[in-house]
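So you can see what is in the structure, the chains are spelled out below.
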Amino acid sequence: MLISRGKQRFLTILTYVVLLGFSVYCLFPFLWMVVTSLKPDAEIRTVDPSFWISSPTFKHFDNVLNNSKFLTFFKNSLMIATITTVASLLISIFTGYALSRYGRFKGVKLFSVAMLLSQMIPGVLLLIPLYLVMKNLGLINSYASLILAYTTFTVPLCTFMMKSFFDSIPVEMEESAEIDGCTRVGIIFRILLPVSLPSLVATSLFAFLNAWNEFMFGFVFINDEAHRTLTPGISLFKGLYQTDWGSLMASSVLSVLPIVILFVFLQKFLVEGMTAGAVKG
């Protein structure tokens, strides 16, 4: 059944209007955060809040950058998230390859099920046991405690992401490399990884975001400002009796910007990586 040109044009316009509405709905909290960070205190605390700013100011950004430990928190989060990403990626590459190529073995299947079940356990249930473990190991108030915790919770899903991509690569490529004398590790680094860049980027972004945005372990394991990460650090702008909303929003904007930049430049690889391993008709 053919659709008339006028009706097709109407459906196209309606589709774009709906998508635009969803985009505004999703972006509005971020835009409100930006607007609030640029408002003076009088406009923030008014009983009739408005989206428009009559007297824009960068006072809150100046307070965050020069009168707080925000840059220290930012540096700590960047370092911890980067190390967590590298560690999670290295582990998930080998583990995902093992699950993909040796999944027929009983022990590998049990390991895969165990990793899947581990994702069903809320992290808050393991908070006290992990705190006691870190305390006994002398890792409280150290970067190592967060890196170990973040890597532990990030590796399972990263592993399944890499496994789905390795499943889509023909085994014949590896057999040809083996005939040429390539070792198993050489096959992974010389054959598989060069063609898995989109999947690697998607997996890396997931691991980085998981470590960058985490609050609970960073709040509990770290008690000194020298090792504090970004999300618990931002919460310090909220006091017991008063909240500095301007500085809170300004610090939130600054913490979101690196993620936005990453997604802008890596969007192509992210979409390709998230669809890697899908069934193709």
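This text goes with the structure placed above it.
Residues numbered from 1 in each chain as written. Predicted model: local features only at pLDDT ≥ 70, side-chain atom pairs only at ≥ 80, totals over all residues. Heavy atoms only, no water.

Chemist: Give a detailed account of the environment of Leu146, specifying residues and quantitative values.
Modeler: Tracing the backbone through its elements, the reader meets Leu146 in helix α7 (residues 143-167). In the structure, Leu146 is positioned 15 residues away from Tyr131 in sequence and 11 Å away in space, judged by C-alpha atoms. Here Leu146 is in contact with Ile80, Phe217, Gly218, Phe221, Ile222 and Thr229, once residues within four sequence places are set aside. (Helix = DSSP H or I, 4+ residues; strand = E, 2+ residues; numbered from the N terminus. Contact = heavy atoms within 4.5 Å.)

Chemist: Describe the pattern of salt bridges, with residues and values.
Modeler: Evaluation of the coordinates by the stated rule reveals 2 salt bridges. As a salt-bridge pair, Lys59 and Asp41 come within 2.9 Å of each other at their nearest N and O atoms. With Lys59 in helix α3 (residues 59-66) and Asp41 in helix α2 (residues 41-44), this residue pair connects regions lying 18 residues apart in the sequence. Two residues, Lys163 and Asp167, come together in a salt bridge whose shortest N-O distance is 2.9 Å. With a gap of 4 residues between them, Lys163 and Asp167 both fall in helix α7, about one helical turn apart. (Salt bridge = Lys/Arg side-chain N within 4 Å of Asp/Glu carboxyl O.)

Chemist: Before we move on, can you summarise the packing of helix α8 (residues 171-179) against helix α9 (residues 184-192) with the specific residues and values?
Modeler: Closest axis-to-axis distance for the α8/α9 pair is 10 Å, and the angle between their directions is 120 degrees. Between α8 and α9, the angle falls in the class oblique. You can see that α8 and α9 cross each other, and the crossing is right-handed. Contacts between α8 and α9 involve Met173, Glu174, Ala177 and Glu178 on the former and, on the latter, Arg184, Ile187, Ile191 and Leu192. For the contact of α8 with α9, the class distribution of residues is 5 nonpolar, no polar and 3 charged. (Axes fitted to C-alpha atoms, helices over the stretch in contact; angles between N-to-C directions. Parallel < 35°, antiparallel > 145°, perpendicular 65-115°, else oblique. Left-handed = near helix turned anticlockwise from the far one by under 90°. Nonpolar A, V, L, I, M, F, W, Y, C, P; charged D, E, K, R; others polar.)

Chemist: I'd like a rundown of the packing of aromatic side chains, residues and numbers included.
Modeler: Enumeration according to the criterion identifies 16 aromatic pairs in this entry. Where Phe51 meets Trp52, the ring centres are 5.7 Å apart and the plane angle is 85 degrees; that geometry is what we call edge-to-face. By relative accessible area, which is 69% here, Trp52 ends up exposed. Measuring from ring centre to ring centre gives 6.2 Å for Phe58 and Phe61, while their planes differ by 50 degrees; the resulting arrangement is tilted. Residue class for Phe58 comes out exposed when judged on its relative accessible area of 61%. Chaining the aromatic ring pairs together yields one cluster made of Phe28, Trp32, Phe51 and Trp52. It is Lys39 that lies over the ring of Trp32; its NZ or CZ is 4.8 Å from the centre. (Phe/Tyr/Trp six-rings, centres within 6.5 Å; stacked < 30°, edge-to-face > 60°. Buried < 20%, exposed > 50% of the residue type's maximum accessible area, 1.4 Å probe, protein only. Lys NZ or Arg CZ within 6 Å of the ring centre and 35° of its normal.)

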